[in-house]
Amino acid sequence: MREMKDSGISYVGDIPITWNVTRNKNVFSCFKNVVGRQSDNTQLLSLTTKGIKEKDINNAEGKLPESFDTYQVVKENDIVMCLFDLDMSAVFSGISPYNGMISPAYKVLTCKNGMTPKYADYWFQYIFDERKFRHYSKNIRFTLNYEDFSDLPIIQPPIEIQHYIVSYLDKKCTKINSIIAKQQDIIEKIKAFKMSFINESVHNMIGTKCHLGYIGEMKNGLNFSNTIDGKKIKFLGVGDFKDHFILNDISMFSDILTNDEVSEEYMLRDGDIIFVRSNGSKELVGRATMVKNINYPLTYSGFCIRFRNMRRDIIDSNYLLYFFRSLDFRKQLEKYSQGSNINNVNQELLSQIDFTFPDIELQKKVVYILEDKCKKIDMVICKKMKQINRLIAYRKSLIYEVVTGKKTYIYEKIGDMGNE
């Protein structure tokens, strides 16, 4: 067992006595090299949850600037940092395997002598877990300016140990990630089967055919300005949809502070169905969910459309929701949107959708069968997700133990690393 010492960092604890605690400014340099007129000949890059990826300008999703001349140069093995929205951003950092350019909103770090890029990448993965830098951020966007970031501590093992760490973690994490990917692939196949089962259950029904505009009352949500000292109200935003079919617990909704008085017409009721009207993710646009057990004020985002079933005497709202999750509904959305890349939906588009429904008793029987089948499918998915979450937790724990020197035997038995 190696001798350890206190790192002086609360979220690190003890480290091997031969390791150093230094500051980010001592191991990284940060210069914004603007690409300028070379932007037309430079590969566009994007910082994603799966690392830094090449982006096709001609088929890129989301908003793009008129010119990329203000973008900054990124070189292979540079570390790209997102130092804003530290409370909620889905990504914090990534190591670039490419030469290219990236948004000027990020900070691009180059490792100095004594710091290995891949070790730094693993270190920042550990830092991102539980958002350890959020405590140092400022303003309502939880931004960390570079001066403050440069003064924050980082653990610096001897350079040869850094190489061993990278080799060890690459091998272990590759295996873990492979297992996770297989489980995720299985989940996607199960979800596809669920979608197919729903579609078969509501498709080609013999009954009355009408447009959705005949059935429901629709209303767009409100665009709120969040304040510091306003009145708190429960709020359904696009981020609350997730994979939820039904939202039926107060904890599933966000809170918003507002000085605006929200009128009754913007309050949700039991059984209301809400669509994602607009979103950067085209897969989310048109997704529907239902709210239940609403005995408190609940409003909804301007990026959503509320659909209220006005013909409950002949149409079961749960049956309607299953139709909104079917392939047939999605195909009609694509048809009226004139393509599969749906940027947004609106009330007029939704009103045109055809809906065929049998008598209400048969609808209820179909809903009963669907709920039973989908519950069993969801249990299988939940079991797979628990396995994935355990693997993710193990990977995080492993990275922590290794980059902070807790797992000291891997450095003492370097010759046995390949057998672990």
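Starting from 1, residues in each chain are numbered consecutively following that chain's sequence as written. Thresholds applied to this predicted model are a pLDDT of at least 70 for local features of residues and 80 or more for the giving and counting of side-chain atom pairs; totals over whole chains, interfaces and linings are not thresholded and use all residues. With hydrogens and water stripped out, all remaining heavy atoms of the structure feed into the side-chain values.

Draft legend 1. Structural context of the packing of aromatic side chains. Aromatic pairs are defined between Phe, Tyr and Trp rings, using the six-membered ring for Trp, whenever the two ring centres lie within 6.5 Å; interplanar angles under 30 degrees are classed as stacked, those over 60 as edge-to-face, and all others as tilted. Applying the stated criterion across every chain yields a total of 24 aromatic pairs. Ring centres 6.0 Å apart and planes at 80 degrees place the aromatic pair F133 and Y136 in the edge-to-face group. We call a residue buried when its accessible area falls under 20% of the maximum for its residue type, exposed when it is over 50%, and partly exposed in between, using a 1.4 Å probe and counting protein chains only. Under the relative-accessibility criterion, F133 is labelled buried at 2%. Taking relative accessible area as the criterion, Y136 reaches 29% and is therefore assigned partly exposed. Centroid distance F275 to F307: 6.3 Å. Interplanar angle 85 degrees. Geometry classified as edge-to-face. A residue pair is termed long-range when its members are at least 10 positions apart, and F275 in strand β18 (residues 273-276) and F307 in strand β21 (residues 304-309) qualify at 32 residues. Assigned by exposure class, F275 and F307 land together as buried. Three or more aromatic residues joined by ring pairs make a cluster, and in this case those are F28, F92, F124, F128, F133, Y136, Y146 and F149. Put simply, a charge is over a ring when the Lys NZ or the Arg CZ is close to the ring centre, within 6 Å, and near the line of the ring normal, within 35 degrees. In this structure, K132 is placed above the aromatic ring of Y126, and the distance from its NZ or CZ to the ring centre is 4.1 Å. Taking the ring centre of F197 as reference, the NZ or CZ of K373 above it sits at 5.8 Å. Strands are runs of DSSP state E lasting at least two residues, helices are runs of H or I lasting at least four, and both sets are numbered from the N terminus onward.

Draft legend 2. Expanded view of the environment of L333. Checked against the element boundaries, L333 lands in helix α7 (residues 327-336). Along the sequence, L333 and Q352 sit 19 residues apart, while their C-alpha atoms lie 9.3 Å from each other. Every residue pair with non-hydrogen atoms within 4.5 Å of one another is taken to be in contact. Each residue touching L333, except ones within four places of it in the same chain, is listed here: G286, I342, V345, L349, L350 and I353.

Draft legend 3. Representation of the sheet that holds strand β11 (residues 107-111). The strand order across the open sheet built from four strands is β4-β11-β8-β9, with neighbouring strands paired in antiparallel fashion. Each edge of the open sheet carries a strand with a single partner, namely β4 (28-30) and β9 (93-95). When strand polarity is set aside, the average angle formed by the axes of neighbouring strands in this sheet is 30 degrees. Relative to β11, β4 runs antiparallel, the two being bridged by three bridges. Counted as the bridge partner of S29 is T110 from β11. The criterion for strand pairing is that DSSP finds at least two bridges linking the strands in question. To obtain an axis, a line is fitted to C-alpha atoms, over the contacting stretch when the element is a helix, and the angle between two such axes runs from 0 to 180 degrees between their N-to-C directions.

Draft legend 4. Quick look at the side chain of D121. Examined against the element boundaries, D121 turns out to sit in helix α2 (residues 117-128). Counting rule applied: Lys, Arg positive; Asp, Glu negative; His and chain ends not counted. Should a side-chain nitrogen of Lys or Arg be within 4 Å of a carboxyl oxygen of Asp or Glu, the pair is scored as a salt bridge. Despite its burial, D121 remains without a salt bridge, the nearest opposite charge being carried by K118 at 5.8 Å. If sequence neighbours within four positions are ignored, D121 has contacts with I79, G94 and I95.

Draft legend 5. Looking closely at unusual backbone geometry. Unusually for a residue other than glycine, D85 sits at a positive phi of about 55 degrees. The residue D85 is located in the loop between β8 (79-81) and β9 in this model.

Draft legend 6. Up close: the packing of helix α6 (residues 317-324) against helix α9 (residues 360-403). Following both chains from N to C, one finds α6 and α9 inclined at 60 degrees, their axes separated by 9 Å at the closest point. Regarding the angle of α6 to α9, the classification is oblique. Of the two possible hands of crossing, α6 and α9 adopt the one that is left-handed. Seen from α6, the contacting residues are N318, Y319 and Y322; seen from α9, they are Q363, V366, V367, L370, E371 and C374. Following the grouping adopted for this structure description, the nonpolar residues are Ala, Val, Leu, Ile, Met, Phe, Trp, Tyr, Cys and Pro, the charged ones are Asp, Glu, Lys and Arg, and the polar ones are all others, Gly among them. Looking at the contact of α6 with α9 residue by residue, the class counts come to six nonpolar, two polar and one charged. Convention used here: angles under 35 degrees read as roughly parallel, angles over 145 as roughly antiparallel, angles from 65 to 115 as roughly perpendicular, and any remaining angle as oblique. Each crossing gets its handedness from the near helix: less than a right angle anticlockwise from the far helix is left-handed, clockwise is right-handed.

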